[in-house]
Amino acid sequence: MDDGSDGAYLAYVHGRIPALRRVAYLLSGDEHQADDLVQETITKLYARWPRIAEADNVDAYVHTMMVRAFLDEKRRGWWRVRLWGSAPDRAASSSAGGAEDRTVLRAALTRVPPRQQAVLVLRFLCDRPVAEVAEILGCSEGTVKSQTAHGLTALRKILGEPSPAVRTKSTGRRS
Amino acid sequence: MNDDDYGMTLLEPLRGEPSGQPAIDVPKAIRDGRRLRGRRWWTGGLLAGLVATLVGGSLLLAPGQDDNPHPKPSLPPDPAVPASCTLHELPNGGHRLVHLNGSDAAGRWQVGTADPNAGGTQSPAMIWHDGKLVAQAPTPVRHLVLWDINSSGVAVGSSESGGSTNYPYVYRNGTFHRLKGGTGLAVQINDDGVIVGKLGKYGSEVPVRWASPEAEPEELTRPAGETNLHGIYDLAEDGTAVGSYIGRTTKNYLWRPDGTVRELDTPPLQKPEGGELWVVGLRFGWVYAMFSDINGPDDGLYRQDVRGGAWQRITHNSAAAQYGVSAPATMGAMLSPVPVVVIGSRTVDLPSGPLTGTGPVIFGLNGVSADARVVSGNAVRTDTSNPSAPEQPVIWRCE
């Protein structure tokens with residue numbers, strides 16, 4: 001099934017793996033998950049390479065694939081994220097210190113709706129301009145701006161909320 | 001400080017580079033990518049076959065059209081909320097770790113897996129009937145998990161090799177058989193023997209149903225413009241299935257027994273852009289869904305009448321309600337220290353004991369019977385050093 005373009009694919013992938021891995025790491029916050037995201041992305045990239053290779057902006061296309069893989073993974077793992085991302089994070093939120101701050105911040109970020117997570121990471125950690133983020137996510141620049149605002153608001157609330165989300169018998173149901 | 005400055009400052013601590021050696025296998029990506037190329041060709045073949053089936057008068061029809069946008073059907077009746085429930089441990093067959101995955105609509109049959117993390121060929125599928133362990137069936141391949149069972153004791157599931165070669169299976173009369181159609185997953189079976197799942201390699205899967213365990217798969221109608229199937233989650237007794245596609249946004253779809261498909265719209269929301277609507281499952285004639293916008297005005301559990309389309313809001317905080325929605329096991333477990341179940345539009349507390357063993361326990365539900373008299377799930381020990389069983393299948397009997 002080698003259509004003669006494997007060489008171009010290999011050249012592209014080997015040149016981009018460090019950058020892709022960095023974005024995947026910033027999205028996921030985990031090295032192993034980052035490698036999984038890159039692996040999935042370059043697999044799909046190979047499957048579509050005969051068509052993608054001719055595209056004007058292959059990098060944007062590849063980043064779109066990786067962000068979608070990230071969102072897909074978030075969707076699959078949402079239930080457990082919500083479980084483990086609730087009470088322990090809140091309990092730790094008053095602590096100080098660099099490593100703990102990163103842990104608390106990362107835990108809080110995982111609780112922001114996934115697309116907003118992606119927007120925040122791409123804009124503020126990957127330093128991508130609004131227009132580029134819009135291209136990667138396949139939406140308008142206005143949507144990127146509104147998702148940025150909503151994501152920051154959600155993150156602020158999560159970090160600042162004092163009471164744990166997991167209810168107990170003694171505190172009763174939150175509603 | 002504007003959003004840009006605030007975002008930069010707030011997220012600055014998360015900047016960093018992965019430090020370890022990359023575990024990325026480019027040759028494997030090429031091998032798997034080649035299979036994906038082949039898979040897309042195969043999908044085309046399947047679709048061609050389906051066109052022929054359509055001509056023959058099959059179930060498969062065009063996407064649903066709303067010919068009567070203002071029906072006023074009566075809402076599906078909810079089961080009576082039980083006055084009291086008691087917790088019962090299901091026999092674990094002597095295994096240290098047993099995980100319950102699914103139950104039939106009447107709550108009389110349950111199916112699960114022993115030692116699922118070990119995943120060896122000797123890890124049996126577990127079948128319970130009326131609270132008794134009636135089968136420990138050694139699986140024919142590694143990592144075969146049965147997800148659901150019907151009132152005839154027929155169960156479905158899939159092998160999970162960890163790669164891209166999973167196969168859908170059915171368990172019946174003591175024997176495992178592969179369902180027709182090649183690689184994929186079977187996730188739910190109803191009392192009529194209808195099975196739903198998906199076929200194809202990861203990244204190019206299509207939603208399917210099997211009319212019976214022996215039947216050829218039929219592709220469910222593909223919603224216009226959708227290509228990236230996330231999954232089929234649940235199947236109602238009337239044949240309605242629910243699943244979602246992932247594109248620019250996640251869209252949820254309902255496949256009706258007449259072959260039509262319609263997108264699940266969103267409930268009336270104050271800030272629909274603030275979050276996403278995620279389907280949880282089909283229960284009592286309703287599709288339950290969570291709108292996740294933490295601390296936002298719309299955050300909560302909702303349900304829609306499958307036939308009429310009317311929305312109801314169940315709770316105003318998804319973190320409080322999510323534990324009580326008995327989502328199918330394929331969606332993952334939502335665990336809570338206090339067992340609670342959503343019945344109709346009510347949230348009902350369940351007893352957390354008595355249980356054998358000591359130490360803190362959290363609960364995950366994945367089944368509630370149609371009459372709300374049996375709830376099923378797992379009790380999970382949170383202290384991994386505890387010698388008691390780390391996972392124990394349980395049911396609550398209610399009256």
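Residues numbered from 1 in each chain as written. Chains lettered and ligands numbered in written order. Predicted model: local features only at pLDDT ≥ 70, side-chain atom pairs only at ≥ 80, totals over all residues. Heavy atoms only, no water.

Caption draft 1: Up close: the overall build of chain B. Counting its regular elements, chain B contains 3 helices and 27 strands. Across chain B, contacts joining residues at least 24 apart in sequence account for 48% of those joining residues at least 6 apart. Element-wise, carbon and sulfur atoms account for 53% of the exposed surface of chain B, whose accessible area totals about 16100 Å². (Helix = DSSP H or I, 4+ residues; strand = E, 2+ residues; numbered from the N terminus. Contact = heavy atoms within 4.5 Å. Areas by Shrake-Rupley, 256 points an atom, 1.4 Å probe, with all protein chains shown as cover.)

Caption draft 2: A look at the confidence of the model for chain B. Residues and elements named next belong to chain B. Taken as a whole, chain B shows an average pLDDT of 80; of its residues, 78% reach a score of 70 or greater. Averaged pLDDT values over the elements of chain B bottom out at 49 in helix 2 (residues 26-55) and peak at 97 in strand 1 (residues 85-89). Taken as a whole, residues 38-72 scores under 50 in pLDDT and shows 44 contacts with residues more than four places along the chain or in a different chain. (pLDDT = per-residue confidence, 0-100.)

Caption draft 3: Summary view of the pairing of strand 7 (residues 155-159) of chain B. Residues and elements named next belong to chain B. The buried count for strand 7 comes to 5 of 5 residues, which makes it a mostly enclosed element. Sheet topology places strand 6 (residues 144-149) next to strand 7; 5 bridges connect them, and they run antiparallel. For Leu146, the partnering residue across the bridge sits in strand 7 and is Gly157. The sheet contact formed by strand 7 and strand 8 (residues 168-172) spans 4 bridges and is antiparallel. By the bridge assignment, Val156 is partnered in strand 8 with Val170. (Buried < 20%, exposed > 50% of the residue type's maximum accessible area, 1.4 Å probe, protein only. Pairing = 2+ DSSP bridges.)

Caption draft 4: Fine view of the side chain of His150 of chain A. Residue position: His150 of chain A is located in helix 8 (residues 141-160). By relative accessible area, His150 of chain A is classed as buried at 18%. Apart from the residues lying within four places of it in its own chain, the contact partners of His150 of chain A are Gln116 of chain A together with Lys271 and Glu273 of chain B.

Caption draft 5: Spotlight on the sheet that holds strand 18 (residues 276-283) of chain B. Residue and element names in this part refer to chain B. Pairing within the open sheet is antiparallel, and its 4 strands lie in the order 18-19-20-21. Each end of this open sheet is capped by a strand with a single partner; those strands are strand 18 and strand 21 (311-313). Taking each pair of neighbouring strands and ignoring which way they run, the sheet shows an average axis angle of 25°. Bridging between strand 18 and strand 19 (residues 286-292) involves 7 bridges; their strand directions are antiparallel. If you follow Leu277 over to strand 19, its bridge partner there is Phe291. (Axes fitted to C-alpha atoms, helices over the stretch in contact; angles between N-to-C directions.)

Caption draft 6: Region of the structure containing the nonpolar core. Core analysis: the biggest nonpolar cluster contains 56 residues, and Tyr9, Val13, Ile42, Leu45, Val67 and Leu155 of chain A have the highest contact counts within it. With 10 residues, helix 1 (residues 6-28) of chain A is the single largest residue contributor to this core. For Leu45 of chain A, the contacting residues outside a window of four places in its chain are Tyr9, Tyr12, Val13, Ile52, Val62 and Met65 of chain A. By size, the runner-up hydrophobic cluster in this structure holds 24 residues, among which are Val361, Val368, Trp396 and Cys398 of chain B. (Core = buried A, V, L, I, M, F, W, Y, C linked by side-chain atoms within 4.5 Å.)

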